[in-house]
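# Observations on the model geometry
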Amino acid sequence: MLLPMVVALSLTAAEKPKLAVLDLQVSGATADEGTALTDAVTQQVSKRGFFEVIASGDIRTLLGVERQRQLLGCSDDSSSCTAELAGALGARFVLSGTLSRLGDAYQLSLQTLDTQKSQPVGRSIRIASNVKLALV
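Throughout, residues of each chain are indexed from 1 in the direction in which the sequence is written. At least 70 in pLDDT is required for a residue's local features to be given in this predicted model, at least 80 for side-chain atom pairs to be given and counted, and no such filter applies to totals for whole chains, interfaces and linings, which use all residues. To get the side-chain values, all heavy atoms of the structure are used, and hydrogens and water are removed first.

### As for the environment of Ser100
Secondary-structure assignment places Ser100 in strand β4 (residues 93-102). Categorising residues by exposure relies on relative accessible area from a 1.4 Å probe, with only protein chains included: less than 20% of the type maximum marks a residue as buried, more than 50% marks it as exposed, and the intermediate range marks it as partly exposed. Residue classification places Ser100 among the buried residues on the basis of a relative accessible area of 13%. Between the C-alpha atom of Ser100 and that of Ala29, which follows or precedes it by 71 residues, the distance is 5.9 Å. Should any heavy atoms of two residues lie within 4.5 Å, those residues are counted as being in contact. Leave out the neighbours within four places in its chain, and Ser100 touches Ser27, Ala105, Tyr106 and Gln107. Where helices and strands are cited, they refer to DSSP runs of H or I of at least four residues and of E of at least two residues respectively, numbered from the N terminus.

Right, dumping it as structure tokens:
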């Protein structure tokens, strides 16, 4: 476990690969829960120091939602449009996921894609009794 931390500390911002964190898709949970958990996931990934993190909120702030749609020819605010934009910004990796409500529990499913190889590089699923525990 020490080796990844040493490697992360030795990387400068220019050497770190870029990772775009997309908004979580929500199924059965509230939009506010999805937004809050997206922010928490973004913060956790950024804190680890392995990537230069670009949040989907950062992308929207930089370009504006309407301008983003025009540039990409997108008709809606879908995650595929954000993923295309992340690629245009030089983000090699894209983290996307879903927050679902399953009865009394929440399920957080995350996956990371390598945009250069067009393949998944990691997946994770957490089931918790509340949204706060989904990140633990």
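Resuming the write-up.
### Observations concerning the packing of aromatic side chains
When two rings of Phe, Tyr or Trp (its six-membered ring) have centres within 6.5 Å they constitute a pair, described as stacked for plane angles under 30 degrees, edge-to-face for angles over 60, and tilted for the intermediate range. Under the defined criterion, the tally for this structure stands at 1 aromatic pair. Aromatic pair Phe51 and Phe93: ring centres 5.7 Å apart, planes at 70°, arrangement edge-to-face. Highlighted residues: Phe51 in the loop between α2 (31-48) and β3 (52-55) and Phe93 in strand β4, separated in sequence by 42 residues. According to the relative accessible area criterion, Phe93 is buried, its value standing at 12%.

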